[in-house]
Amino acid sequence: PQVTVATDADFARPANVSGDCEWFPLDTKVPGIDVDYTAVGAYVSALVLFFSGALLVVLGPVGDFGSHRRATLATCVVVWASCFAIPVAFTGTSFYLANAALIFVGATAWNFGNRALRNAYLPLLVHSDPRLAHFAVLRR
């Protein structure tokens, strides 16, 4: 198979598309920080994982205590939903940095809640499975 290489002309705005439509940027660097768009995505993903891991160390044991597990999971869901819903309402360019921060906080809350708190329910789910009840009797 023949490999084709994309050029800047492949990403140029077609003649029939108006100027107010945002199109593929010919300059792949984020304005102001001179970093490639895809690199920014990778850096932010790494930061979300880092902060989720830090939260896991600090708040992870909360999932092991009955009522705190549910309350902390609910808090993570509220933070996640709020942080992803607010940017939808504020789309102006002056809100880009604030929206990015909200998305970062929301992604961190979701990742922490998903990993630490939802997984804390797994032993309870396994223990309550009727197909595994005879194993619990054998362990006693």
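Quick note: structure is the one above.
Reading the values: rules and limits
- Residues numbered from 1 in each chain as written.
- Predicted model: local features only at pLDDT ≥ 70, side-chain atom pairs only at ≥ 80, totals over all residues.
- Heavy atoms only, no water.
- Helix = DSSP H or I, 4+ residues; strand = E, 2+ residues; numbered from the N terminus.
- Expected span 1.5 Å × (residues − 1).
- Buried < 20%, exposed > 50% of the residue type's maximum accessible area, 1.4 Å probe, protein only.
- Contact = heavy atoms within 4.5 Å.
- Axes fitted to C-alpha atoms, helices over the stretch in contact; angles between N-to-C directions.
- Parallel < 35°, antiparallel > 145°, perpendicular 65-115°, else oblique.
- Left-handed = near helix turned anticlockwise from the far one by under 90°.
- Nonpolar A, V, L, I, M, F, W, Y, C, P; charged D, E, K, R; others polar.
- Phe/Tyr/Trp six-rings, centres within 6.5 Å; stacked < 30°, edge-to-face > 60°.

Enquirer: So what's going on with helix α2 (residues 66–89)? Residues and values would help.
Expert: If you check α2, its first and last C-alpha atoms are 36 Å apart, about what 24 residues at 1.5 Å a residue would give, namely 34 Å. Listing the buried residues of α2 in full gives Arg69, Thr72, Cys76, Cys83 and Pro87. Close packing links the buried residues of α2 with α3 (96–120) and α4 (122–127).

Enquirer: Mind laying out the packing of helix α1 (residues 37–59) against α3, listing which residues take part and the relevant values?
Expert: Two elements in contact, α1 and α3, have axes separated by 9 Å at closest approach and are oriented at 50°. Considering the angle they form, α1 stands oblique to α3. Remark: the crossing between α1 and α3 carries right-handed chirality. Counting all contacts with α1, which are made through Val44, Leu47, Val48, Leu49, Phe51, Ser52, Leu55, Leu56 and Leu59, the residues of α3 involved are Phe104, Ala107, Thr108, Asn111, Phe112, Arg115 and Ala116. Its residues assigned to classes, the contact of α1 with α3 shows 12 nonpolar, 3 polar and 1 charged.

Enquirer: Can you lay out the packing of aromatic side chains for me, pointing to particular residues and giving the numbers?
Expert: One pass over the full model with this rule turns up 4 aromatic pairs. Measuring from ring centre to ring centre gives 5.4 Å for Phe50 and Phe51, while their planes differ by 80°; the resulting arrangement is edge-to-face. Judged by relative accessible area, Phe50 falls into the exposed class, the value being 56%. Ring geometry for Phe51 and Phe104: centres 5.6 Å apart, planes at 90°, overall edge-to-face. Note that Phe51 is positioned in helix α1 and Phe104 in helix α3, a separation of 53 residues in sequence. Judged by its relative accessible area of 37%, Phe51 is partly exposed.

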